[in-house]
Each structure stands twice: as structure tokens, then as C-alpha cells.
Protein chains: 2
Amino acid sequence: MDANFGIGRSMTGPSYLLILVFALISSAATAKAPQVAPVAINVMPMPATLTPGAGRLMVPQTFSVAIAGYNEPRLERAARRFLRDLGRETGYFLSDRLGDAGRATLVIHADHGSEPVQDLGEDESYVLDVNSAGAKLTAPNPLGVMRGLQTFLQLVEVTPDGFAAPAVHIEDSPRFPWRGLSIDVSRHFVTMAVLKRNVDAMAAVKMNVLHLHLSDDQGFRLESREFPMLQELGSDGMYYLQSEMRELIAYAGDRGIRVVPEFDMPGHSTAWFVGYPDLASSPGPYQIERRWGIFDPAMDPTRESTYKMLDKFIGEMATLFPDRYFHIGGDEVNGKQWDANPKIREFMQAHNLKSDQELQQYFTDRVEKIVSRHHKFMVGWDEILTPGMPKDIVIQSWRGQDSLAEAARQGYRGILSSGYYLDAMAPAAQHYLVDPLAGADATLTPAQQKLILGGEACMWEEFASDETIESRIWPRAAAIAERLWSPQQVQDVNSMYRRMAAVSAQLEELGLTHRSSTAVLLGRAAGTDDIAALDVLAQAVQPASITIRETEAEKAGGIQTSDIPLNRMVDAIAPESAAARKFSSAVDQFVASKFQDAAAKSYIREQLMTWRDNDSALQPLLQNSFLLKEVAPVSQNLAALGAAGLQALDSIDAHKPTAAEWRQQQIAAIQQAAKPTADLVLVIAPAVQKLVEATSGAAVAP
Amino acid sequence: MDANFGIGRSMTGPSYLLILVFALISSAATAKAPQVAPVAINVMPMPATLTPGAGRLMVPQTFSVAIAGYNEPRLERAARRFLRDLGRETGYFLSDRLGDAGRATLVIHADHGSEPVQDLGEDESYVLDVNSAGAKLTAPNPLGVMRGLQTFLQLVEVTPDGFAAPAVHIEDSPRFPWRGLSIDVSRHFVTMAVLKRNVDAMAAVKMNVLHLHLSDDQGFRLESREFPMLQELGSDGMYYLQSEMRELIAYAGDRGIRVVPEFDMPGHSTAWFVGYPDLASSPGPYQIERRWGIFDPAMDPTRESTYKMLDKFIGEMATLFPDRYFHIGGDEVNGKQWDANPKIREFMQAHNLKSDQELQQYFTDRVEKIVSRHHKFMVGWDEILTPGMPKDIVIQSWRGQDSLAEAARQGYRGILSSGYYLDAMAPAAQHYLVDPLAGADATLTPAQQKLILGGEACMWEEFASDETIESRIWPRAAAIAERLWSPQQVQDVNSMYRRMAAVSAQLEELGLTHRSSTAVLLGRAAGTDDIAALDVLAQAVQPASITIRETEAEKAGGIQTSDIPLNRMVDAIAPESAAARKFSSAVDQFVASKFQDAAAKSYIREQLMTWRDNDSALQPLLQNSFLLKEVAPVSQNLAALGAAGLQALDSIDAHKPTAAEWRQQQIAAIQQAAKPTADLVLVIAPAVQKLVEATSGAAVAP
């Protein structure tokens, strides 16, 4: 049942070092019994180059770290944090005192300090040497040291003799300088504790930008002292104090992560207008928007008072956020308020602005000057790219590579988010194979390609909240982190999934709740902790795509709002089922072996029987909870899938090919069962169908 | 497989209200299918009186709370916290704004304020009325309101129609005024985040004293500004800042929990002497003690400088801790340093002190005067009770009820901890049935009984650390909380376990990690997240008692120290296996039914097969980890138990009684398998033995 660790077919680069890595991983994997985790190199993102050495470094409780060369408080804190993290990964009580360079197990050497405020493109490279006598980590600056320490943490594995790190020589640096995670804290609020856990996880996979979507129609989430009614009337009391934000910025900065704030304007701004209706293009009054979608309210681009307020506000925020980049959103303005306002139409005529788009261009241009006056580079979504913009702005693309390529040809820098929307509930592999330099971007000149700074995973929060966001982001964001850090030719999906599982476990050791939350939330929905049968179902399903969830809600006549609880089964379960993936590859393997793989067969049969028999145990529990009743048909469908799969297996065992009619009936039934119900998809259905289809062939006959 | 909710046989009080409650629970339980949690009253601790009403109160997202009557910031914070907690228990996005008394679902009424500093014996009573139209909570003061709010939170259950609270009339107040949890943060340090989560859990089960064992031979854990070398040299850098402690005290205070500090003296004090060797009875130098046990170092009771330092120190701490009670430990002084010091012997002669005990009495007497001068009542372990002590001191007894009874006869107040040591790894039921007013205490006059203030669950930390302490304390401490709050006749163990399971789930919803930590720590030890087979073993075992763990370590020649990692399987698993208890009652039920209970039989067979077949799947994983290798024989024993049980079942099915010789062999093998290995006990063994024994009877014959 183990994954197949072949070298990715799409691997084209002539990097023999990388091939060495994969070869090592493959042999380690095949040498072990399937139940046991292969003692492999589970680093994620995969380093630029990694050369396996001979032997390994034991990591006992006496493990120590020393800083040789350049030193500074941030570097010391990083070394101490490394020891604490290593303690969490081993259970060792490690002193956080730093040792002597002459005797320490791991010696850190940085050449010089980092920038006072972490800069885009600042060197993050490092060299890590591990051999049986010790380890040495060298980097130009503390930032590179931090990245190397994370690599070391991931190298440590439990072995039959103790914790150990494999001997390796790693020379590593990121492919892209902007590797972000964007969190929408407006549509549902996210507490500081959860944000910090996300920062911990980002650091583990070497992401370096936390982009906070701080305002939208549904909430304004940060204290402004200049304009306190922004948060007082625009947030339902759910906002960050400036002191809290400063603490988060310091926390992230300590981990080599920049914090980029976004205040969306001129659209997506209803929450501003609750406290400051004069800023809008219609008189108001306004209320916090509870629904999802694109709404009419937009800032009035024609009044000087708008720019006066934005100048003061951006000035305040430019001081609070030390980062050089400042995100003004700029997306999805429908222009309705502008069209409906005679004064605005007058203004447009007077200024020869021929469309809403040109009016927004005028607005963006004014805002850019304000942002720039406060010594920041402006970042915005695709829409902000209009003629005449200075070349130092950055385009974040929700539209895709074409849009970025177009910008790069004009000399603009860009970051990709299209394809990286975590809220879409797509499998990690799908995000993983989206490359910022693919598509139209592949046709750019090398100089133009340099303008593609990287990308950002986006976690929009219509259907996520403080208690579910960790499972929505992790571990899938690690696949995007690897895409943005590792060489382009690192594309082996099986290897990615294997290493992602290791990262996922590591993150739980560091305190994230992306896995443990499922049992808590399922137990809450069920009203009992005896959820074994519910868990069987949970592992066979995945959330339907967000589009389906939205469509289904509309069909049911319900308007989705921020008030609707996210306490259903679809909210509790992981976006991607590792168990279902395992079952699918077992079926692939079994069919490919022409039904000879006995281990795969026995595992498949056991799973199918469990599924077939689960419904009768589960139904009473589902019927007892108003939150789970909707899942009853899914449980019945799972039983039906189990039964169909077992019939197929029986025919294979009996060497009796099935009739075409029977297969057609079964496949129709399977496809019916596979349709989203209660926003859940029985993700094991295609594998069961494959099994049924396989009963036609000559292979079944004796 | 559901528990048997009979009325406790030991129930003697004529409380018809209580009988009503139990009757209600029983009927709810029997009316439901076994898979489904009964919609029952899961309140823990059980209220003093509870009268079920007709119907229920629906708890929708529009649920609101209002404060009528007396108000103060602490009360408002409690009401808002209640809404947040209710949000966590339902997934509802509840506004934390308080509503109008005329329209709110739950109306709170307090008559007057609480004491500025929460006092021992302060009124904690409340009356809670829930009916289909709304709920009313009245209490003399905010403290009672907090207790009532916790009751309401526990009443809310998921139902087929929505979240709902049953209609009830509750008049509640605690049996004992001192219901504590003592946490030893000296032997292993516990971080503030974990302490706060423990406070959250204490509040949920209405405990009201957090006793912090802040110093011992192995560490001094609090910043002293008067004597900074206490923490600087005595803690390995692991101590609380005073600012952190103040925050914890405020956090606990907000939840109706007093914080009582303990600084153990004159023994258990090596950590003091690392920075201040002059305080000791031998010249030193001293190092932090790494071993467990009773050690020689003790404060020098003969020098005035000792009392000068203690006066200053206690003065500093008396200001930091607002509570009226101050714990000076006083336990386990072996007197060796005193005996070895000629000056001390001289002093004893000069002062007519005839024994070490009398010398300690002299010391305690002096310290008591200091404590008292700083306006605190002294608390100490049994040893401090010596003739002439003022009557306002409090004895905490690790010795038992006899010791407390003796003290009470002399007019001293006492709290019981004997029988409540959570680190002993005893089942909750064992702690539950220890009553502070049983044994010798039962013979006291009513006036003397009033001197028994309550008790404290104790979590000593030789074999627990920050990452395992939550699972060691919870949910078992809830059983002790009930013993100390509820009427003495509330003693039904099955009811307790059922409600404890609900509390356990509630605590995870509130953020505790006592359950989720097991998977994380097992995964860490295994080096993989694929731990299904390991989990099967984990649920069939329990940690051996702490005595066995200590003895086994000694036998192995190892000295147990604070440096030894707590990362073994015994550390990861829960102290008590709910799955094993379920299996045992199924066997009881099956045997009692004369083998007629088909549901029980099928469940038992399934379990036994799982156990029999688990070892082959598990061994490769165990062999791959140096931390799990020791568990290999336990896994084999589990397989053997499964096989023995299945043979017994087969003989029952075949209506063929087994031969006495076979049974003897089996029982010998089972008892061998049940012996602790790797500090684990196969707790399902007695039930398997019962099954084997049952195959002798006439019942087996056709």
C-alpha cells in the first residue's frame, strides 16, 4: 500500500543531485515493510540540491547548538526556539542554553546580520552539512540560518536506535522570493493564537509572507486610532488591537516572515462605511454586510475628503506595519454606486473619465501616490494594473499566469494566487502542479521572468472560521510552499504526498490543531465521543468544492451569510482524505498486478467490508443529531459502494467476468452515489468504479 | 454495551429529588439504541438538587444573555465568556454583546458583589431554572452566577431538532468550600498556556483552588525580586515572571478560582540553596536535584538569617498572591543535615529540642508567625501539625482521613489529598469513592466535620511534563471535583463515568489537549501518522501504577531523574482506557445474560479478533522505533489474550464446557500477560479471564 516513489516523469532539469535524492528515497521506501514509515528524507520543501552522505548523526538528549561567527538577539532566539522545537519533536528535555562552538552537535555560522526590516529578495540561502560527527549550518545571514534550522528539524527521524538525522550535504535557496499565505480575517475573524500557530507552520515550510486581508464588506479587523469607528462599528467587536498586531509582526519577524496588510479599496469596503458613511459613494447608512459576494458600496473617488482620510489612515498603518509593501486590494468593483451618483457622473465627465474602470484607475493612481508618499510599494489585485502606474507596484493575480505575463511584459512585478485558493477544497496535488512560470509566463524572457516574484496561497473565509481554518490551510499549503521554494522540476506527486504527511505530523507536534480538530468537531456534532463509525465515513469523504457548496445553498433557497454556523460534517473533516488516496492506489496496484497482489486485495476487501457494514452502526447516531441527519444518505451510499466493490472482488476471486449490463448498472449507481450530498463527496467512488470495470476483462477469467 | 444506570446502592439520603434525576437518566438511557448517546443530563458535578421539568429550552444561534440586578465588570466578563464557550460547544457565531433582560434567553440575577479577594467559604450557591420559554439564573453574588453558568453549559446537548437544554429546576451549592487542584511545577515545568487551560477545565467542573507547588528540590519556579538567584540559579531558566503570575491569578480569579502558592520548607528545598547556600544546614555548594525522592538538604532552623530571609521572601510573595492562604509545605524532612551539623545539635540542646521533629516544630512555629504577620493563614502538610500551633492554620493531608480527624478533634481545619493523587495512575472510580468525611472523619461531631474544608487533587510531576500533564489530570480530576461539590450520596460509578465522558468532550471543545495529545505523542514515537494498529494496542492498555514504574526502573538499575524523557508509550496514553471499561462491562453483561446477549457477544468477538490479529500489523512499526521496541511483548500478549478469549467464545458457541486443565493453563497465561511490561498493563486481561472462567459452567452446556 505504500506510495510509488518513481522519479517524476516531468522532471527535465539535468540535476543529478536531485536524482540522487529521489533514488535514495526510493530505495529506502522499497527496502521497508509497507506498515513501517520509510526512514527517508522527509524535507519539505525539497532543497535546491541535496547530496546524501554516508551514515547518520544521532540526535540524543545531549544534543547542543552553538553560534559561531556573527551573532544578534534574533539569531539567538532562533537557535533557542530550534531547541524547543526539537524538544517537541523528540520529547527530550533540551536545555535552551547555547553551547560552545568547539563541542556543540550543531554549529551555526552566519556571516553578517539581516536587514533591520526583512526585505523582499533578502538572501535566504544556507548550506547544511550533516555527518556522523556533527552538523554545520552556514548562511550569509540569520534569515538563511532560520531556513536551515527548519531543514534540520525535518531531517530528524525516529529510528530503531534513537533519533537521528541522515548524513547530507544541502545547498539551498528559494526559487522565488515571495512565498506567501494570505488569510482573510474579515469574513470570519481569526484569533491571534490561531494566527500565531499559522506563522509557526509557515516557518516550518519556509514561507516568508503573511498577507492579512484585514478589511472587506464583512468586517474591519484592526484598531485604527485615527478612525476608531472603523473597528468600533465595523467589526462586531472582533478586531486586533494595534498592540496585538505589533506583537504578531514581531513574532513573524522572529521567524523570517514579513507581514503585509491589505485594506481592500475602493470596493469590498462596506465595513468602513458603517462608521464613516461619508467615505462611500451613496449616503448610507451602512451595516456590516452579512452575505457573500460582490456588493455595490464603493469609496467615492471624486471627493478630496476620501483621499484626506486615506492619507491619514495609510500613514497610520504604514507606521504600524514595517514591511515595505502595502496591499490596497482593488478587486471586484461593480461600479453601481458610481453610476447611480449624479455628482460622480459629473466628475467623470469633467475629468474625461469614460468608464468606471477609468474612474477606478484615477482612484488607484491617487492612492498609489499616497502609499508611495508613506514609503511603501503598492500591491493590489489584477485590476490595479492600468496604464501609467509606476513600475514599482506589485500585481497579485487571482486571474492567472496570462495576467501576470502581460504585467511582466509591461515591466511590472507580480505574484500568483490563481490556482492557490485553499478554500476551493482542491487536492494538494492540484495546487502543487500550478507553476508561477508555466503557461504564458513560460514565454517570458529571463529578465521578465524575474519579475514574477512568487505566489501566495489564499485562504478566503466564507466557509472557514477560527476553529476550522487550520485544517483548511494545513497541510495542503505545504505543497504550495514547495512549489514556490524548490526547483521547478521537483514535481513528483507521490513524493510530495509522502513528505506532506510527515510535515503534517510535525505541525501537530508544534501545536497546530489541523488534525486533532476533526475529532473534536465531529464529536460536537454527534453529541458523543463514541464516533468510531462516524470516523469511518469521515475518512471516505471530502468536502465538495466551494462552487458546489455555494450552488447547493442557492438551490436550497438559502442565502449564505457570515452568521451561518460552520458546524456541519463538511466543516469538521479534512479537505483531503489520505485514507481515500491510499485505497485508490491500492486498487490501482491491484488492477495493475492483474489481481495478483494479495496484500492489496486483502486490504481492499477489508476496507469494502468496513464500509458496507458501517451504515447500520452509524444511522442511530446520525438520527440523534440535527447536524448529522443530512449525512444519512451519504452513509447509505458508502454502504452501497462497499457492497458493489465486494461483488466485483467476488467475481474476480471466482474468475467469473461480470455481465456488461451488471457493470453498467453498478457504474450508474456508483456515479449516483458519488454526487455531492450534504456538501460531501464520496471520494472513494472512482476507485470502486475502477474495480467494477476491471471485472470485464480477460484477466478475471481463469 | 451501554453502561448500567442503576441507582447507587450506597445512596442513603432521603433525597427524592436526586432519585428523580437518576430515574430520568435511566429512562433516557434505556429508551435509546445503544449506539446513540442518551439525551441525558450530563452535568458534572451533580447539583445538590435537580428537579426535571417538562420539555426543553431550544438553544439557537439567537440565544442571548442579559444581566439583571447587580452588575460589575467581572460578572460581565463571565457572561461574555459564557457566550464564547457556548459558541465553542455549538459552533454558533454568538455575539458577545449582552441583551435586554426583558428579551434575553438566559437572564442572570446577582444580589450583590463578591468579596474583592475571593474568600474561602464565600457563597457559591445558585438557582437555575430552565423551561421552554427561557432560563433564569439567580445567585447571591457573581461567584454563584459563574457556577450556574457552567451548569447551563453542560445542560446544552445536541438533539435531532437542534441544540437544547432540558427543562430543570436546580438549587445548587457545594458540599465543601475548598475544592482544589494542586500542580507540581517544580519537578517538571509547566508553561502558562497549559496552566490556563487547566484553569479553564477547573472552572468547568466548579473547582475553586489552584494550588501551585512552586518550589522543591528540582526547581524554584517563580521570579523573586528580593532574591533573584532563587530563579536564576534554581530553575534552569524555567520559571514564571511575576507579571505572568499576576496574569494567571487574574485569569483564575475571573473564573472564581483562588491561587494558593506553596513554597516547600524546610525540606524539599535544594533548589533554594543553589543560589542561597547559606540558607541550608550544610555549607554546600548545591546543584538543582535531578533525582526523585527525599533528600537531605534542609533549611537551617537555628540561624536568625534564615528567618530574616524568609520574612522578606514571604512578604514579597504575600503581596504578589492576594489569597488569604499561604502554603509552606513542611513535608518529608529527613533531618540528616541537622543531625550532621554540630551547631544545630548545640542549638537543639540549648533550646531543649529533643528531636528533629521538635526542631522542625520550632521552625514551623517561627514561619507561622511570619506568615501570620503578613496577614496570611498558613497551610502545610500533615507534618506541620504540632502542639501550640494557632487554630487558624490548615492541614493538607497526604496521610489520610485519620490524620485529618485527629487535627479536627484538636480544632484544626484540614483538606484531604490522600486518595486524590492523580499521578498514581489509578482509575477515576477509585478517587471518586474517597470521601473526606469517611473513615475516622465520619466519627467527628458535626462541628468538627465543618473543619474538614474539602480536598485537593494532586498532580505530582515526576512522570509528567508540559505535554502530558493535561491527559494525566483530565478528565479524572472531574470525579474528584464531583466528590467535593456534590452531596455525599452521589456515588453511582456508572453514572459518573458516563458524565465524565461528556465533560471530557466538553473540555476538548474548550481547547484542552488531554485527548488529542495521545495521537500526536504516539505518532511521534512511531515516526509516522499511520498509527491505527498502535492505537488498537493503546486502547487495551493503561499505565502501570506509579509505584510499579518506580520499582521497575530501580530493578533495571536506572536512576529516575528529571532529565529522562517522557516520550514512551506509557506517557502518551490515557491513564484510564474507556475502551477497556466498555469491553469489561460487555463481558459482564454477556456472562450475566447466560450468553444470551447477542449484541454483546458480537461486539466481544469483534474486539477479540481485532486484538488477536493486531500484532502482525504492529510489529514492523514497533521495531522501527527505539521508543516502541519495549512494547513488542505487550503487543504479543494482546494477541494471546485475543486468541484465548476467542477459544472461550468458541466453546460457548459450541455449547461445550472446557476442561479444567485448559482453563488453568489459560488463566495462568492470562495472568502472566497481565503483568506490567514497559510500564503498561493490559487492562482487558481480567475480562478475558472472566470469559475463560465462564466456559466451565453448566450455562455453556446445551
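Here, every reference points to the structure presented above.
What this report covers is the structure whose coordinates are included nearby. (Residues numbered from 1 in each chain as written. Chains lettered and ligands numbered in written order. Predicted model: local features only at pLDDT ≥ 70, side-chain atom pairs only at ≥ 80, totals over all residues. Heavy atoms only, no water.)

What about the pairing of strand β14 (residues 394–397) of chain B?
Residues and elements named next belong to chain B.
Piece 1. Both faces of β14 are covered, namely the face carrying Val 394 and Gln 396 and the face carrying Ile 395 and Ser 397.
Piece 2. Judged from the three bridges that link them, strand β13 (residues 377–381) and β14 form a sheet pairing that is parallel. From the neighbouring strand, Trp 381 faces β14, where its bridge partner is Gln 396.
Piece 3. In this region the chain leaves β14, passes through helix α12 (residues 401–409) and returns to the parallel neighbour strand β15 (residues 413–416); the handedness of that crossover is right-handed. (Buried < 20%, exposed > 50% of the residue type's maximum accessible area, 1.4 Å probe, protein only. Helix = DSSP H or I, 4+ residues; strand = E, 2+ residues; numbered from the N terminus. Pairing = 2+ DSSP bridges. Right-handed = clockwise from strand over helix to strand, strands pointing away.)

Description of the environment of Val127(B)
Residues and elements named next belong to chain B.
Piece 1. Within the element layout of this structure, Val 127 appears in strand β4 (residues 126–131).
Piece 2. Val 127 gets classed as partly exposed once you look at its relative accessible area, which sits at 27%.
Piece 3. C-alpha of Val 127 to C-alpha of His 169: the two residues are 42 residues apart in sequence and 7.5 Å apart in space.
Piece 4. Apart from residues lying up to four places away in sequence, Val 127 is in contact with Lys 136, Leu 137, Thr 138, His 169, Ile 170 and Glu 171. (Contact = heavy atoms within 4.5 Å.)

Focus on the interface of chain B and chain A
Piece 1. On the chain A side, the residues contacting the 55 residues of chain B number 57 residues.
Piece 2. Taken over both partners, the interface formed by chain B and chain A buries close to 4,100 Å², and the fraction arising from carbon and sulfur atoms is 56%.
Piece 3. In this structure, the connection of chain B to chain A is made through four salt bridges.
Piece 4. At the level of elements, α2 (73–90), β6 (157–159), β7 (162–172), α17 (493–509), α18 (516–526) and α23 (598–623) of chain B are the ones that each hand at least two residues to the side of chain B that touches chain A.
Piece 5. No other element matches α18(B), which puts five residues into the side of chain B that touches chain A.
Piece 6. Grouping the amino acids of the side of chain B that touches chain A by side-chain chemistry returns 21 nonpolar, 18 polar and 16 charged. (Buried area = accessible area lost by both parts, 1.4 Å probe. Salt bridge = Lys/Arg side-chain N within 4 Å of Asp/Glu carboxyl O. Nonpolar A, V, L, I, M, F, W, Y, C, P; charged D, E, K, R; others polar.)

Topic: the relation of the copies chain B and chain A
Piece 1. Structural alignment of chain B on chain A gives an RMSD of 0.0 Å, achieved by rotating through 180 degrees and translating 0.0 Å along the axis. Here the transformation between the copies is reduced to the relation of a two-fold axis. The C-alpha atom lying nearest the rotation axis in chain B is that of Ser516(B); the distance is 2.8 Å.
Piece 2. The residues that chain B uses at the interface reappear at the interface of chain A in 100% of cases, marking a shared surface. (Least-squares fit on C-alpha atoms with pLDDT ≥ 70 in both.)

Re the nonpolar core
Piece 1. The biggest cluster of nonpolar side chains holds 110 residues, and the ones touching the most others in it are Met245(B), Phe263(B), Trp272(B) and Trp474(B).
Piece 2. Of all the elements, helix α4 (residues 192–204) of chain B adds the most residues to this core, at eight residues.
Piece 3. Non-local contacts of Met245(B), meaning those with residues more than four positions away in its chain, are made with Met192(B), Leu212(B), Leu214(B), Leu222(B), Tyr240(B), Leu320(B) and Phe321(B).
Piece 4. Judged by nonpolar contacts, the second largest core, of 99 residues, contains Leu222(A), Ile314(A), Val434(A) and Leu512(A). (Core = buried A, V, L, I, M, F, W, Y, C linked by side-chain atoms within 4.5 Å.)

A look at the packing of aromatic side chains
Piece 1. A complete count under the given rule lists 46 aromatic pairs over all chains for this structure.
Piece 2. Judged by centre distance (5.3 Å) and plane angle (85 degrees), the ring pair of Phe163(A) and Phe626(B) falls under edge-to-face. Residue Phe163(A) is found in strand β7 (residues 162–172), and its partner Phe626(B) is found in the loop between α23 and α24 (632–653); the two belong to separate chains.
Piece 3. Taken together, a centroid distance of 4.8 Å and an interplanar angle of 35 degrees make the contact between Phe189(B) and Tyr240(B) tilted. With Phe189(B) in the loop between β8 (178–184) and α4 and Tyr240(B) in the loop between α5 (229–234) and α6 (242–254), this residue pair connects regions lying 51 residues apart in the sequence.
Piece 4. The exposure class assigned to Tyr240(B) is buried, which follows from its relative accessible area of 0%.
Piece 5. Members of the aromatic cluster, connected to one another through ring pairs, are Phe220(A), Phe263(A), Trp272(A), Phe313(A) and Phe326(A). (Phe/Tyr/Trp six-rings, centres within 6.5 Å; stacked < 30°, edge-to-face > 60°.)

Here's the deal with the side chain of Arg476(A)
Residues and elements named next belong to chain A.
Piece 1. Along the chain, Arg 476 turns up in helix α16 (residues 476–485).
Piece 2. Comment: no salt bridge for buried Arg 476; closest opposite-charge side chain is Glu 576, at 5.4 Å.
Piece 3. Polar side-chain contacts of Arg 476 include one of 2.7 Å to the backbone oxygen of Arg 472.
Piece 4. Once residues within four sequence positions are removed from consideration, Arg 476 is found in contact with Leu 422, Met 425, Ala 426, Ala 428, His 431, Met 500, Pro 575 and Glu 576. (Lys, Arg positive; Asp, Glu negative; His and termini not counted. Polar contact = N/O pair within 3.5 Å; in protein donor to acceptor, adjacent residues only side chain to side chain.)

Concerning the pattern of salt bridges
All names here are of chain B.
Piece 1. A full pass over the atoms with the stated rule returns 75 salt bridges over all chains.
Piece 2. Close ionic contact of Arg 175 with Asp 435 constitutes a salt bridge, the shortest N to O distance being 2.8 Å. Taken together, the residues span a long stretch of sequence, with Arg 175 in the loop between β7 and β8 and Asp 435 in the loop between α13 (428–432) and α14 (446–449) at a distance of 260 residues.
Piece 3. Taking relative accessible area as the criterion, Arg 175 reaches 23% and is therefore assigned partly exposed.
Piece 4. We note a salt bridge from Arg 366 to Glu 304, for which the minimum N-O separation is 2.8 Å. In this pair, Arg 366 sits in helix α11 (residues 356–373) while Glu 304 sits in helix α8 (residues 304–320), placing the two residues 62 residues apart along the sequence.
Piece 5. By relative accessible area, which is 23% here, Arg 366 ends up partly exposed.

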